[in-house]
Amino acid sequence: AFVVRAQCATLGEVVPGIWLMDRWRFPLLCVAILAVSLRTSTGQGAPLPDSQVPPGLRQWIGRDNCGEPRWVAFHNGLAEVVGRFNRFEFGPALGGLVALLVPVVQDPHVAFDCSTAVSSAFGLAAQCAEQLQLPVLSARLRQLVAIFGSFDYQMKGEEYIDQSPWPVRWMDSMDGILRSMTMLKRHEVQVDPSRGFPVRQALAQSSSGGSGSGGGKRIAIVSVCDYDAGATPLARLSQINKQAYAQKHGYDVFVYEKSPYFEDPLAKLFVEPPSYRPAAWSKVDAILLALAEGKHDWVMWMDCDSFFMDPEVRLEDVAAAAEAEQCGAFNAAEKDDVTELQGLVKRWMDGPAGDLGWFEDLLDAQLERDGGSDGCGGPQELFGEPPRNRTLGLGDWLFQQRRPHVIASEDGLMLNTGIVLVRASAWSWRFFQQVRWMTFGRSPVTQHPWWEQTAMVYLLQLPFTLAHASGVAASAASQDIGPTALHKGYASACFMFSQKHLNGYPPIVSSALKTHTTFETGDFIVSFSGCKVYSSQEVCNQLFLGYFFQVHDMRDFESDPALSLWL
């Protein structure tokens, strides 16, 4: 460290007044020394014995490819970008960062080989956006800092990140995203105060009037409840709650007691045992199974540890409100999504086993058959050029779709996939297949600490944020993304409600996480994810029972054998 500091000018020495320079004392003018340090940097502490590491994680723990020539060259390019930044050439600096990032992120296997490097580049891009007075773009870029930084945080540790030669520190990056996202969420409520109302009230004020234009839609609620009934009543309470809500509105409900597995001709591309795959990925399998049935217009994924608390809210009203806001005067109701989906699934299941190229052709042919029409005002136009990768799914089907097919919420960090409403459409089939494809072979995305959420962000946000950054860098007239802008920074096919609308959290969780909205009486859904992290199983069990009996009569379940231990 003394050698580096003695021989290299640091960013702080070049321009001491900028926040980046005060926080990241990053040696730039020492390429030869850097190449050595890249190869010799290590993680924190001694590695855990294999017996203490989940099997699927073993190949990723401590793995460090940052010394490869690709990453030495990446650092050299980063040094040039910082030179522009230090000359206050923020637009060109942002353009240089996009040029560095696009070839890398087009392949997740490459990007996660040295994710601290990628995280640092997104962090610099976020600071360029701040200097260009684009705070929302900066927040979106900081979300990507977290996506890549969290991988190395899990696999190598905070000390590895902080002592690496890349301009990033873990806690600084987390502070940055929390600060940016707090600003963004406040801005969204200022622009649209209904985002702070309970969802029933917000729907009544929406352009759809709180009455779904497609009343009587066929809807399925899907969940996986794999919990020890002797340790917690959660699975039984969740099943009762979901069934009661579904029965009230005429929906179907499918609650799996074990993680489902979707079997199709591409399943052979999984090379690791199913036990290596974290349970969170079963969400994708459960959604695909429901879509493949071809019997519903919408499929709702709902985490097991979530309860409906306002049973008067209808899911078709939620979907109608999203479509009304996204499409305005255009009406896509005449499009027969389910019939189109059924035809695609039939061809899909008859396809050749393991031939990924054949299925790529099938999906592209489906796009051509649609003719690019989405019944929602035509394809969206991006401000800049997005990264493209046909196999990964970065293509026109994703970039041009304007009609909402995935409805979710965003917490104080990023996309929250605990509650997701999915249109039964060919687009949704392709989307969740592309998410699934990211786990084929031995993929770092499979073991990412945010699992399927990472894959969904990789498709729904990363290319759109980079596209806008590219457009900003190439344009003299910078324009931000955000709630009042043409572009939101993520796919138009994804509609984001506020977290309050779809999944608030009990105070014991929200106060600890600092990124999650607190559930209040009158809200639609309460989610308990994270409860055991911040309290005991006993406390969580009492929370489950307490919230459950706010909407159910205890007397109705006194004879339920699965609840006899708890009542």
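Residues numbered from 1 in each chain as written. Predicted model: local features only at pLDDT ≥ 70, side-chain atom pairs only at ≥ 80, totals over all residues. Heavy atoms only, no water.

Concerning the nonpolar core
And then number 1: Within the largest apolar cluster, 116 residues are counted, with the highest numbers of intra-cluster contacts made by Phe122, Phe148 and Phe431.
And then number 2: Of all the elements, helix H9 (residues 135–155) adds the most residues to this core, at eleven residues.
And then number 3: Among all residues touching Phe431, those that are not within four sequence positions of it are Trp397, Val406, Met456, Leu459 and Leu460.
And then number 4: If you look at the next biggest cluster of nonpolar residues, it comprises 25 residues, including Leu203, Ile219, Tyr251 and Met300. (Core = buried A, V, L, I, M, F, W, Y, C linked by side-chain atoms within 4.5 Å. Buried < 20%, exposed > 50% of the residue type's maximum accessible area, 1.4 Å probe, protein only. Helix = DSSP H or I, 4+ residues; strand = E, 2+ residues; numbered from the N terminus. Contact = heavy atoms within 4.5 Å.)

Digging into unusual backbone geometry
And then number 1: Here Phe88, not a glycine, exhibits a phi torsion of approximately 65 degrees, which is positive.
And then number 2: Looking at where Phe88 falls in the secondary structure, it is placed in the loop between helix H5 (69–86) and helix H6 (90–105).
And then number 3: Taking relative accessible area as the criterion, Phe88 reaches 52% and is therefore assigned exposed.

Quick look at helix H19 (residues 426–437)
And then number 1: Taking 1.5 Å of rise per residue, the twelve residues of H19 would be expected to cover 16 Å, and the 16 Å separating its terminal C-alpha atoms lies within 8% of that figure.
And then number 2: Most of H19 is tucked away, with twelve of its twelve residues classed as buried.
And then number 3: Turning to H19, its buried residues are Ala426, Trp427, Ser428, Trp429, Arg430, Phe431, Phe432, Gln433, Gln434, Val435, Arg436 and Trp437. (Expected span 1.5 Å × (residues − 1).)

Notes on the sheet that holds strand E2 (residues 252–256)
Think of a sheet as strands paired side by side through backbone hydrogen bonds, with each pair either parallel or antiparallel.
And then number 1: Overall, mixed pairing links the six strands, which are arranged E2-E1-E3-E6-E5-E7 in an open sheet. Edge positions in the sheet fall to E2 and strand E7 (494–498), since each has one partner strand and no second. Going across the sheet, the axis of each strand differs from the next one's by a mean of 25 degrees, ignoring polarity.
And then number 2: Pairing of strand E5 (residues 406–410) with strand E6 (residues 415–423), which is carried by four bridges, proceeds in the antiparallel orientation. Residue pairing in the sheet places Val406 in a bridge with Val422 of E6. (Pairing = 2+ DSSP bridges. Axes fitted to C-alpha atoms, helices over the stretch in contact; angles between N-to-C directions.)

Let's talk about the pairing of E6
And then number 1: With nine of its nine residues buried, E6 lies for the most part within the structure.
And then number 2: Sheet analysis places strand E3 (residues 298–302) next to E6, joined by five bridges and oriented antiparallel. Among the inter-strand pairings, Met302 is bridged to a residue of E6, identified as Ile419.
And then number 3: If you look at the hairpin formed by E5 and E6, you'll find four residues sitting between the two strands.

Description of the state of the cysteines
Here a disulfide denotes a covalent bond joining the sulfur atom of one cysteine to the sulfur atom of another.
And then number 1: Evaluation of the coordinates by the stated rule reveals four disulfides.
And then number 2: The disulfide partner of Cys225 is Cys304, and the S-S distance across this bridge is 2.1 Å. Judged by the sign of its S-S torsion, about 110 degrees, the bond between Cys225 and Cys304 is right-handed. Here Cys225 is found in the loop between strand E1 (219–224) and helix H13 (234–249), whereas its partner Cys304 is found in the loop between E3 and strand E4 (306–308), with 79 residues between them in sequence.
And then number 3: Taking relative accessible area as the criterion, Cys225 reaches 6% and is therefore assigned buried.
And then number 4: Take Cys304: its relative accessible area is 3%, and that puts it in the buried class. (Disulfide = S-S within 2.5 Å.)

Observations regarding the packing of helix H16 (residues 337–349) against H19
Two numbers describe a pair of packed helices, the interaxial angle and the distance between the axes.
And then number 1: Where H16 contacts H19, the axes come no closer than 8 Å and their chain directions differ by 40 degrees. It follows from the interaxial angle that H16 and H19 lie oblique. When H16 is examined against H19, the residues Glu340, Leu341, Leu344, Val345 and Trp348 are found in contact with a partner set consisting of Ala426, Trp429, Gln433 and Trp437.
And then number 2: Residues belonging to the contact of H16 with H19 are distributed by class as follows: seven nonpolar, one polar and one charged. (Parallel < 35°, antiparallel > 145°, perpendicular 65-115°, else oblique. Nonpolar A, V, L, I, M, F, W, Y, C, P; charged D, E, K, R; others polar.)

Focus on the packing of H16 against helix H17 (residues 356–370)
And then number 1: The N-to-C vectors of H16 and H17 enclose an angle of 155 degrees; their axes lie 11 Å apart at closest approach. Relative to H17, H16 is oriented roughly antiparallel. Once H16 is placed against H17, the crossing between them reads as right-handed. Residues Glu340, Leu344, Arg347 and Trp348 of H16 form the contact with H17, whose participating residues are Trp358, Phe359, Leu362, Leu363, Gln366, Arg369 and Asp370.
And then number 2: For the contact of H16 with H17, the per-class residue count stands at six nonpolar, one polar and four charged. (Left-handed = near helix turned anticlockwise from the far one by under 90°.)

A look at the pattern of salt bridges
If the charged atoms of two oppositely charged side chains come close together, the side chains can form a pair.
And then number 1: Taken as a whole, this structure holds 33 salt bridges when the rule is applied.
And then number 2: A salt bridge links Asp285 to Arg277; its shortest N-O distance comes to 3.0 Å. Take Asp285 and Arg277: they sit in the same class, and that class is buried.
And then number 3: Ionic pairing is found between Glu520 and Lys500, a salt bridge with its closest N-O pair at 2.8 Å. (Salt bridge = Lys/Arg side-chain N within 4 Å of Asp/Glu carboxyl O.)

So, the packing of aromatic side chains
And then number 1: With the rule as written, the count across this model stands at 34 aromatic pairs.
And then number 2: Considering the side-chain rings of Phe528 and Phe544, the 5.0 Å spacing of their centres and the 80 degrees angle between planes classify their relative orientation as edge-to-face. Taken as a pair, Phe528 in the loop between strand E8 (525–527) and helix H24 (531–534) and Phe544 in helix H25 (residues 537–551) lie far apart in primary sequence, 16 residues in all. For the pair shown, Phe528 and Phe544 are each scored as buried.
And then number 3: Here a set of aromatic residues connected by ring pairs shows up, and it is made of Phe307, Phe519, Phe528, Phe544, Tyr547, Phe548, Phe549 and Phe557.
And then number 4: The side chain of Lys156 reaches across the aromatic face of Tyr160, ending 5.2 Å from its centre. (Phe/Tyr/Trp six-rings, centres within 6.5 Å; stacked < 30°, edge-to-face > 60°. Lys NZ or Arg CZ within 6 Å of the ring centre and 35° of its normal.)

A few points about helix H21 (residues 462–474)
Count 3.6 residues to each turn of an α-helix, and residues three or four apart come out pointing the same way.
And then number 1: Compared with the 18 Å implied by 1.5 Å per residue over 13 residues, the 18 Å span of H21 between its first and last C-alpha is a close match.
And then number 2: Taking burial as the measure, the 13 residues of H21 include ten buried ones, the bulk of the element.
And then number 3: If you check which residues of H21 are buried, you get Leu462, Pro463, Phe464, Thr465, Leu466, Ala467, His468, Ala469, Gly471 and Val472.

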